[in-house]
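Results of the structural survey
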Amino acid sequence: MAARELTFEIFRFNPQDPESTPHLQTFKLTEEPYMTLFRALNRIREEQDTSLQFDFSCRSAVCGSCGMMVNGRPTLACKTLTSDLEDKVRLHPLPAFKLIGDLSVDTGTWFRSMAERVEAWVHERAPFDPGALEDRMDDDLAQAIYESDRCIECGCCVASCGVANVKPAFVAPAGMNRIARFMMDPRDARNDDEWFEVVSSDDGVFGCIGLMACADVCPKELPLLEVYAYLRRRALGSAFLARKKG
Ligand code: FES
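Along its sequence, the chain is organised into domain 1 (5-105) and domain 2 (118-245). Here domain 1 and domain 2 have C-alpha centroids that lie 31 Å from each other. Across the boundary between the two partners, domain 1 contributes 14 residues, which contact 12 residues of domain 2. It is strand S4 (residues 73-76) that contributes the most residues to the side of domain 1 that touches domain 2, 4 residues altogether. Looking at the side of domain 1 that touches domain 2, its residues break down into 9 nonpolar, 3 polar and 2 charged.

Axis separation between helix H3 (residues 139-149) and helix H6 (residues 172-184) bottoms out at 9 Å; the angle between their running directions is 160°. Our classification of the angle between H3 and H6 gives roughly antiparallel. Considering the relative orientation of H3 and H6, their crossing is left-handed. Together, Leu-141, Ala-144, Ile-145, Ser-148 and Asp-149 of H3 and Asn-177, Ala-180, Arg-181 and Met-184 of H6 make up the contact between the two elements. Split by residue class, the contact of H3 with H6 holds 5 nonpolar, 2 polar and 2 charged.

A few words on the nonpolar core. In this structure, Cys-157, Val-158, Met-176, Ile-179, Val-199 and Leu-231 are the most contacted members of the largest nonpolar core, which totals 55 residues. Split by domain, this core shows at least three residues from each of two domains, domain 1 (5-105) and domain 2 (118-245).

At Asp-102, a position not held by glycine, the phi torsion is positive, near 50°. Relative to the assigned elements, Asp-102 resides in the loop between strand S6 (98-101) and strand S7 (104-106). Its identity is not glycine, yet Glu-153 carries a phi of approximately 55°, on the positive side. Along the chain, Glu-153 turns up in the loop between H3 and helix H4 (156-160).

Before going further, it helps to spend a moment on the pairing of strand S5 (residues 88-92). Note that strand S1 (residues 5-12) and S5 share 4 bridges and pair parallel. Pairing of Ile-10 across the sheet is with Leu-91, part of S5. Note that strand S3 (residues 67-70) and S5 share 2 bridges and pair antiparallel. Bridging across to S5, Val-70 finds its partner in Leu-91.

Attention shifts here to the sheet that holds S1. Judged by pairing direction, the sheet is mixed, and its 5 strands sit side by side in the order S2-S1-S5-S3-S4 without closing on themselves. Both outer strands of the open sheet, strand S2 (23-30) and S4, are each paired with one neighbouring strand and no more. Each strand axis lies, on average, 35° off the axis of its neighbour in the sheet, ignoring direction. Running at roughly 100° to S2, helix H1 (residues 37-47) makes contact with S1, S2 and S3 of the sheet.

A separate point is the pairing of S1. With 8 bridges connecting them, S1 and S2 associate as antiparallel partners. In the strand pairing of S2, Phe-8 is matched with Phe-27.

The next point concerns the environment of Ser-20. Inspection of the secondary structure assignment puts Ser-20 in the loop between S1 and S2. For Ser-20 and Ala-3, which are 17 residues apart along the polypeptide, the C-alpha to C-alpha distance reads 35 Å. For Ser-20, the contacting residues outside a window of four places in its chain are Phe-13 and Asn-14.

This brings us to the environment of Phe-170. Inspection of the secondary structure assignment puts Phe-170 in the loop between helix H5 (162-166) and H6. Sequence separation between Phe-170 and Arg-232 is 62 residues, and the spatial gap between their C-alpha atoms is 16 Å. Leave out the neighbours within four places in its chain, and Phe-170 touches Val-163, Ala-164, Asp-203 and Gly-207.

In this section: the environment of Val-163. Among the secondary structure elements, Val-163 is positioned in helix H5. Given 20 C-beta atoms within 10 Å, Val-163 falls into the buried group. Here the alpha-carbon distance between Val-163 and Asn-42, two residues 121 residues apart in the chain, equals 33 Å. Here Val-163 is in contact with Phe-170, Gly-207, Cys-208 and Ile-209, once residues within four sequence places are set aside.

Rules and cut-offs
- Residues numbered from 1 in each chain as written.
- Predicted model: local features only at pLDDT ≥ 70, side-chain atom pairs only at ≥ 80, totals over all residues.
- Domains from an automatic or database assignment.
- Contact = placed C-beta atoms within 7 Å.
- Helix = DSSP H or I, 4+ residues; strand = E, 2+ residues; numbered from the N terminus.
- Nonpolar A, V, L, I, M, F, W, Y, C, P; charged D, E, K, R; others polar.
- Axes fitted to C-alpha atoms, helices over the stretch in contact; angles between N-to-C directions.
- Parallel < 35°, antiparallel > 145°, perpendicular 65-115°, else oblique.
- Left-handed = near helix turned anticlockwise from the far one by under 90°.
- Core = buried A, V, L, I, M, F, W, Y, C linked by C-beta atoms within 7 Å.
- Buried ≥ 20, exposed ≤ 12 C-beta atoms within 10 Å, placed from the backbone.
- Pairing = 2+ DSSP bridges.

Put into structure tokens, the structure is as follows:
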């Protein structure tokens, strides 16, 4: 069977160049067996246009660099086989992040700022004791924390989120997942009132309007629906207790 000819319509724009205007550029490429979008984009850059910008590092769905909109859906390009796509493929950069150029966006600044806002580290209050025994943890709880830690910070969930796209202050699904990870961790000494400050606003868990596209597009299939349910339960529980005390 003759190999397919694929047509790629790729978003081009260089924000650093005052002459540059956003547009779609068309490239043609003959499909290879087991070709991924990673391979296709590299061939286009090597053979047709060396100025094309896009990000890759691990090529195996681990580093989170290659998130982009593939026919309007946020996904990892290194994990996408061209055989799963129609003859015509349209590629855009992920929205909600600062554009570096063409398909390349700056997810790092967004994730760093989110981590600082939600203070995504274990808050220990006990003084450091180098002779102390290691903390023991229940297997099921360790597994639940590990599930949240599988996030590769690709930004696909943020790009798919209707709220994050119009409201930059929204903590977004990746941020909620980080919060849940530390909230579950028994070594984190933050109490319910402190967590309430972090999650219980319109920029936190109650800002989500429930479209749940994040759970559909997450390439690591993280349990984001459960994360939201867990955070809502904890926030409502602490509000209820505060009311009872008051
Ligand atoms: S290149 Fe690392 S996730 Fe795709």
